[in-house]
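In case you want the letters, here they are:
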Amino acid sequence: MEHLVFDKRDSDGYCAAHYCVKYGNLTLLKELCAAGADMKRKTKPSDETQPPKTLMALAEEKGNKDIVTFLEKIYQKRKSRASIGVGFAAMRRRSASAPDGLEFE
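Description of the structure in this document. (Residues numbered from 1 in each chain as written. Predicted model: local features only at pLDDT ≥ 70, side-chain atom pairs only at ≥ 80, totals over all residues. Heavy atoms only, no water.)

1. Details of the overall build of the chain
Now for step 1: Looking only at helices and strands, one finds four helices and zero strands in the chain.
Now for step 2: For the chain, the succession of helices and strands along the chain, N to C, is α-α-α-α.
Now for step 3: Put simply, the chain has 105 residues, and 26% of those count as buried.
Now for step 4: Taking all contacts inside the chain whose residues are at least 6 apart in sequence as the whole, residues at least 24 apart take part in 53%.
Now for step 5: Carbon and sulfur atoms form 53% of the exposed surface of the chain, whose accessible area is close to 7,700 Å². (Helix = DSSP H or I, 4+ residues; strand = E, 2+ residues; numbered from the N terminus. Buried < 20%, exposed > 50% of the residue type's maximum accessible area, 1.4 Å probe, protein only. Contact = heavy atoms within 4.5 Å. Areas by Shrake-Rupley, 256 points an atom, 1.4 Å probe, with all protein chains shown as cover.)

Structure below.
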């Protein structure tokens, strides 16, 4: 998958969205999200003693409730879209195997 420029990691393993969370810049984080930044991108730790961190983990560490709330909304919205897509796929499968006279549109 090709990553956008603002999804590229620096030498510390952070991308632009990680820095927005680290420094509490919700406005810029929203702009990056609207532009298509990967909101599930994890940090790339410099050694094996530190696990990769999500944006949510960083926001919770920093105690930034506004960013946590924003990320929860983003993740919930994407989860809802994914479940709708699964529902449509199931309907298409049923339609293909439906008895004569029964079709779904």
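2. Overview of helix 3 (residues 55–62)
Now for step 1: Burial in helix 3 covers these residues: Leu55, Met56, Leu58 and Ala59. Buried residues of helix 3, seen end-on, are gathered within an arc of 160° and therefore sit on one face of the element. Counted as exposed and oriented over 90 degrees from the buried face of helix 3: Glu60 and Glu61. (Arc of directions from axis to C-beta.)

3. A few points about helix 2 (residues 26–34)
Now for step 1: Listed as buried for helix 2 are Leu26, Leu29, Leu32 and Cys33. For helix 2, the arc enclosing every buried residue in end-on projection is 120°, short of the 170-degree limit, so these residues lie on one face. Seen from the buried face of helix 2, the exposed residues on the opposite side, beyond 90 degrees, are Thr27, Glu31 and Ala34.
Now for step 2: Directly beyond the C-terminal end of helix 2, a positive phi value near 105° is found at Gly36.

4. What to know about the side chain of Asp7
Now for step 1: As for its position among the elements, Asp7 is in the segment before helix 1 (16–22).
Now for step 2: Put simply, Asp7 is tucked away with no salt bridge, and the nearest opposite charge, on Arg41, sits 5.0 Å away.
Now for step 3: Within the structure, Asp7 has its side chain in polar contact with the backbone nitrogen of Asp38 (distance 3.0 Å).
Now for step 4: If near-sequence neighbours (up to four positions away) are discounted, Asp7 is found in contact with Cys15, Gly36, Ala37, Asp38 and Arg41. (Lys, Arg positive; Asp, Glu negative; His and termini not counted. Salt bridge = Lys/Arg side-chain N within 4 Å of Asp/Glu carboxyl O. Polar contact = N/O pair within 3.5 Å; in protein donor to acceptor, adjacent residues only side chain to side chain.)

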